[in-house]
Amino acid sequence: MKLVSTRDSAITAGVTEAIVYGLSKGGGLFAPLTLPKFTLEDIISLADKSYSEIVSFIAAPFLPDFTYTELSYFASLAYKNFPDAAAPVVSLNDKTHILELFHGPTFAFKDFALQLLPYLLTTSLKKLSINKTAVILAATSGDTGSATLEGFANVTGTKICVFYPHGGVSAIQKLQMTTQTGENTKVIGIQGNFDDAQTGVKKIFGEILANNKLEEAGYILSSANSINWGRIVPQIAYYFSAYSSLVSSGKLKAGCPMNVVVPTGNFGNILAAYYAKKSGLPIGKLICASNANNVLTDFVHTGAYDRNRDFYATISPSMDILVSSNLERFLFELYNHDSGAVTDLMASLSETGYYKVSDAAQQTMSELLYAGYATDTDTKAAIKEVWQKYNHLSDPHTAVAIKVYNDYLKVTNDNTPAIIVSTACPFKFADAALKALGSPATGDDFENLSKLSEISALKVAASLTALRGKKEHHKTLCDPSEMKAQVFNWLGL
Ligand SMILES: *Cc1c(COP(=O)(O)O)cnc(C)c1O
């Protein structure tokens, strides 16, 4: 599979290069021109496979630079850090199912890709005979940070620097990052929001690609954000796994469509669902759920993307994003791989914060997607309602998706079975979950954990309670304008 830059189809890359470099020259993302096709038979056969076997089977044609033996081996190592049922489907009723993606080591879906990415990246470097240390920069809205650190800590040949919005992540999310050990890790809070962190990282990429200082010092820059193709592919696999579980448990007839509801921020997870659909998985509507930062809802409704709006810090902080990077890959699809059109839209976005897609693109988009949003009040109400009705505790991100799905049902009466993607464990956001259940949260985050555990009769994972009393190794704070200087300083340049 050849990947091309969304901004210049003359720039092509193999999968290993795309994984190593993250972004293409000129700032585009690497995207596929053709996708593999899985048959219904292939999909049904997944029922007999373990989760890591499902990942190698689905990922193989998307990652042809790796042998099947390599992929199986990497997947077996990556997913041994998950329970056997890595991505269980829990049914609320006949038609509504929750795909729980938070049973990995850092309790958010980011682990699915970031437990595997270190193997893909270090092997890609070897395959390309690049004898350099990979410097991985990541901007995080909360969960990518801990998942990247967990995946890459002490991995030989890599160094990781994570930027998170200071004050913009939950207390547990912050501690997961700042208590991280590992010689090769660096965590920096920025005085700004996620968009500032992401823009800063992209800027460093641009500047560093334009000069050789880093390369001369023996480093090569890479990314663990979902702009990296190696992040998207492992996420495609769990949509197949969910479908196959529904079929084998008799909840879905093989070949019938399944709707997918995704709480969305950077558009990576829902993009993976779109690629799954294009690769033969019978997915009906893709339902894109946002919080009060509802730039995507407006975009899907009007075709106009406008980031010139207030930014809200919500109780679903991992979705507090106004510039969704992976939308660029989706635009590339909507415009039938016209990289010139995508370049113009992205130029307009960076100059004015605004662009509008063509009528044809808007038409295609509205056939594929439904979009809606939930305010914090809606989100809390959804947590409470699902708890009371089904005895199911959801985290605020998942609750956003649940609320938007309820809206979708009201508007459409579509009774296609749906999976709602549950992206994080409620204990990562104990404070918000407690408040939603009507129980006052205290100022002490660990007390909140045990209180939530008591109320819900769910056990808190030992690694979360163990955060109490762990040393915070990372205390650096900086202004977004100092990000590059911080990176150079850390690398001793
Ligand atoms: C990252 C994240 C999201 C948003 O996912 P995208 O792929 O960025 O759209 C949603 N929920 C949680 C808990 C997350 O960590």
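Residues numbered from 1 in each chain as written. Predicted model: local features only at pLDDT ≥ 70, side-chain atom pairs only at ≥ 80, totals over all residues. Heavy atoms only, no water.

Enquirer: I'd love a proper account of the pairing of strand S8 (residues 185–190), names of residues and values included.
Expert: Within S8, 6 of the 6 residues are buried, leaving the element largely enclosed by the surrounding structure. Burial of the side chains of S8 extends over both faces: Thr 185, Val 187 and Gly 189 are buried on one face and Lys 186, Ile 188 and Ile 190 on the other. For the handedness criterion, the β-α-β arrangement of strand S7 (residues 158–165), helix H8 (residues 171–178) and S8 is classed as right-handed. (Buried < 20%, exposed > 50% of the residue type's maximum accessible area, 1.4 Å probe, protein only. Helix = DSSP H or I, 4+ residues; strand = E, 2+ residues; numbered from the N terminus. Right-handed = clockwise from strand over helix to strand, strands pointing away.)

Enquirer: Before we move on, can you summarise the side chain of His 474 with the specific residues and values?
Expert: Of note, His 474 is situated in the loop between helix H21 (462–465) and strand S16 (477–478). Polar side-chain contacts of His 474 include one of 3.1 Å to the backbone oxygen of Gln 180. His 474 has contacts with Met 177, Thr 178, Gln 180, Thr 185, Lys 186 and Val 187, leaving out every residue within four places of it along the chain. (Polar contact = N/O pair within 3.5 Å; in protein donor to acceptor, adjacent residues only side chain to side chain. Contact = heavy atoms within 4.5 Å.)

Enquirer: Outline empty space enclosed by the protein, supporting the account with residue identities and numerical values.
Expert: Under the defined criterion, the tally for this structure stands at 3 cavities of 30 Å³ or more. Around the largest cavity, the lining is made up of 27 residues, and of these Phe 109, Lys 110, Gly 265, Asn 266 and Ser 318 lie nearest the centre. When contributions to the lining of the largest cavity are tallied by element, the ones reaching two or more residues are helix H7 (143–152), helix H11 (229–248) and helix H12 (268–278). Per-element tally for the lining of the largest cavity: the top contributor is H12, with 3 residues. (1 Å grid on protein atoms, 1.4 Å probe; cavity = no way out; pocket = protein on both sides within 12 Å on 5 of 7 lines; lining within 4 Å. Points joined across faces, edges and corners; volume = space filled by probe spheres on them.)

Enquirer: Tell me about the sheet that holds strand S1 (residues 3–5), and name the residues and values.
Expert: The strand order across the open sheet built from 3 strands is S2-S1-S3, with neighbouring strands paired in antiparallel fashion. Lying at the two open borders of the sheet, with one neighbouring strand each, are strand S2 (8–13) and strand S3 (30–32). Neighbour-to-neighbour, the strand axes of this sheet turn through a mean angle of 45°, independent of strand direction. Two strands pair when backbone bridges link them, and S1 and S2 are joined in this way by 3 bridges, in the antiparallel orientation. Counterpart to Val 4 in the pairing with S2 is Thr 12. (Pairing = 2+ DSSP bridges. Axes fitted to C-alpha atoms, helices over the stretch in contact; angles between N-to-C directions.)

Enquirer: How would you summarise unusual backbone geometry if you had to cite specific residues and measurements?
Expert: The residue Asn 336 is not glycine, and still its phi comes out positive at about 45°. Among the secondary structure elements, Asn 336 is positioned in the loop between helix H14 (327–334) and helix H15 (339–352). Owing to a relative accessible area of 67%, Asn 336 belongs among the exposed residues under this scheme. Backbone geometry at Asn 413 places phi at a positive 55°, although glycine is not the residue there. By the secondary structure assignment, Asn 413 is in the loop between helix H18 (396–412) and strand S15 (418–422). Among the residues examined, Asn 413 registers a relative accessible area of 66% and is labelled exposed.

Enquirer: Go over the layout of surface pockets, please, and point to the residues and values.
Expert: Approximately 610 Å³ is the volume attributed to the largest pocket. At the level of elements, helix H9 (194–210), H14 and H15 are the ones that each hand at least two residues to the lining of the largest pocket. Considering each element in turn, the lining of the largest pocket owes the most residues, 8 residues, to H9. Its residues placed into classes, the lining of the largest pocket shows 10 nonpolar, 11 polar and 6 charged. Taken together, 25 residues make up the lining of the second largest pocket; nearest its centre are Val 169, Ser 170, Ala 171, Thr 314 and Pro 317. Of all the elements in the fold, those that place two or more residues in the lining of the second largest pocket are H8, helix H19 (430–436) and helix H20 (445–456). Here the lining of the second largest pocket gets 3 residues from one element, more than from any other, and that element is H19. Looking at the lining of the second largest pocket, its residues break down into 12 nonpolar, 9 polar and 4 charged. Shared between two domains, the lining of the second largest pocket holds at least three residues of each, these being domain 1 (89–108 + 230–458) and domain 2 (116–225 + 461–493). (Nonpolar A, V, L, I, M, F, W, Y, C, P; charged D, E, K, R; others polar. Domains from an automatic or database assignment.)

Enquirer: Tell me about the nonpolar core, residues and numbers included.
Expert: Leu 63, Trp 229, Tyr 239, Val 260, Phe 330 and Tyr 355 are the most contacted members of the largest nonpolar core, which totals 110 residues. At 12 residues, H11 tops the list of elements feeding residues into this core. Shared between two domains, this core holds at least three residues of each, these being domain 1 (89–108 + 230–458) and domain 2 (116–225 + 461–493). If you look at the next biggest cluster of nonpolar residues, it comprises 26 residues, including Val 201, Cys 478, Val 487 and Phe 488. (Core = buried A, V, L, I, M, F, W, Y, C linked by side-chain atoms within 4.5 Å.)

Enquirer: Before we move on, can you summarise helix H4 (residues 68–78) with the specific residues and values?
Expert: Looking only at H4, the buried set comprises Leu 71, Phe 74, Ala 75, Leu 77 and Ala 78. All buried residues of H4 lie within an arc of 160° about the axis, which places them on one face of the element. Those residues of H4 that are exposed and aimed more than 90 degrees away from the buried face are Thr 69 and Tyr 73. Buried residues in H4 make contact with helix H3 (51–59) and helix H6 (117–127). (Arc of directions from axis to C-beta.)

Enquirer: An account of the sheet that holds strand S11 (residues 283–290) is needed here, citing residue identities and associated values.
Expert: In spatial order, the strands read S4-S5-S15-S10-S11-S14; together these 6 strands make up an open sheet with mixed pairing. Either end of the sheet is taken by a strand with one partner, and the two such strands are strand S4 (89–91) and strand S14 (369–373). Averaged over all pairs of adjacent strands, the angle between their axes in this sheet comes to 25°, without regard to strand direction. Where strand S5 (residues 96–100) and S15 come together, 5 bridges link them in parallel fashion.

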